[in-house]
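Examination of the molecular architecture
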Amino acid sequence: MNDSSTEWVLQVNVEDGGERAWVYKRDPRLQLPWDRAVRDIGGVPTGAPEVQLVWKALRPRPEDDVDKDAVLAALDPDARAWYEQAILSIHPHSTWSIHVRSPFAPTKASWGRKRQP
């Protein structure tokens, strides 16, 4: 529901994919099995929170930042790991990738890895 009115707002995305997996339209390297990419919420197929965050990560708006902060804390470890890997590989220049590349998580950052001789 939109805070400034009593009207409901509904966004419908038509997603790409194959028989077994959802495929990110912006970069087909990013895939996730349908049963993880789409959740059933009261009989309504709904994009998994981590998938929705990846969509928002390209050009996050202030309201997307609020969503990210609320959702990240609630993601299970597998969903969070998938989201972090997706952000680093698909949207490495997003402002949201900073938390993954930060000095507080140096093993995930390219500058924190040991170089091969």
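Residues numbered from 1 in each chain as written. Predicted model: local features only at pLDDT ≥ 70, side-chain atom pairs only at ≥ 80, totals over all residues. Heavy atoms only, no water.

1. Observations regarding helix H2 (residues 49-57)
Residues of H2 that are buried: Glu50, Val51, Leu53, Val54 and Ala57. Within H2, the buried residues cover an arc of 160° as seen down the axis, which keeps them to one side. Among the structural elements, strand S2 (21-23), strand S3 (31-33), helix H1 (34-37), strand S4 (38-41), helix H3 (62-72) and helix H4 (77-90) are those in contact with the buried residues of H2. (Buried < 20%, exposed > 50% of the residue type's maximum accessible area, 1.4 Å probe, protein only. Helix = DSSP H or I, 4+ residues; strand = E, 2+ residues; numbered from the N terminus. Arc of directions from axis to C-beta. Contact = heavy atoms within 4.5 Å.)

2. Examining the nonpolar core
Ranked by internal contacts, the top residues of the largest apolar core, which has 19 residues, are Trp22, Leu30, Val51, Val54, Trp82 and Tyr83. Secondary structure elements with two or more residues in this core: H2 and H4. With six residues, H4 is the largest single contributor of residues to this core. Other than its neighbours up to four places away in sequence, Trp22 contacts Glu15, Asp16, Gly17, Leu30, Gln31, Leu32, Pro33, Trp34, Ala37, Val51, Trp55 and Trp82. (Core = buried A, V, L, I, M, F, W, Y, C linked by side-chain atoms within 4.5 Å.)

3. Re the pairing of S4
Pairing geometry for S4 and strand S5 (residues 44-47), over four bridges, is antiparallel. Along S5, the bridge assignment pairs Asp40 with Pro45. (Pairing = 2+ DSSP bridges.)

4. With respect to the packing of aromatic side chains
A complete count under the given rule lists three aromatic pairs for this structure. Measuring from centroid to centroid gives 5.9 Å for Trp22 and Tyr24, while their planes differ by 45°, and the two rings are tilted. Ring centres 5.0 Å apart and planes at 75° place the aromatic pair Tyr24 and Trp55 in the edge-to-face group. Separated by 31 residues along the polypeptide, Tyr24 in the loop between S2 and S3 and Trp55 in helix H2 bring together distant segments of the chain. (Phe/Tyr/Trp six-rings, centres within 6.5 Å; stacked < 30°, edge-to-face > 60°.)

5. Points about the pattern of salt bridges
Summed over the entire model, instances satisfying the criterion amount to eight salt bridges. Here Asp67 and Lys56 are joined by a salt bridge, their closest N and O atoms 2.5 Å apart. Separated by eleven residues along the polypeptide, Asp67 in helix H3 and Lys56 in helix H2 bring together distant segments of the chain. Given a relative accessible area of 21%, Lys56 falls into the partly exposed group. As a salt-bridge pair, Asp69 and Lys68 come within 3.1 Å of each other at their nearest N and O atoms. Relative accessible area serves as the criterion here: at 51%, Asp69 is assigned to the exposed category. Lys68 gets classed as buried once you look at its relative accessible area, which sits at 12%. Put simply, Lys56, Arg61, Glu63, Asp64 and Asp67 are held in one network by salt bridges that share partners. (Salt bridge = Lys/Arg side-chain N within 4 Å of Asp/Glu carboxyl O.)

6. Let's talk about the sheet that holds S2
Adjacent strands of a sheet form backbone hydrogen bonds with each other and so pair up, either parallel or antiparallel. In spatial order, the strands read S1-S2-S3; together these three strands make up an open sheet with antiparallel pairing. One side of each edge strand has no neighbouring strand; the edge strands of this open sheet are strand S1 (16-17) and S3. Looking at chain direction, S2 and S3 are connected through three bridges and run antiparallel. Across the sheet, the residue bridging to Ala21 is Pro33, located in S3.

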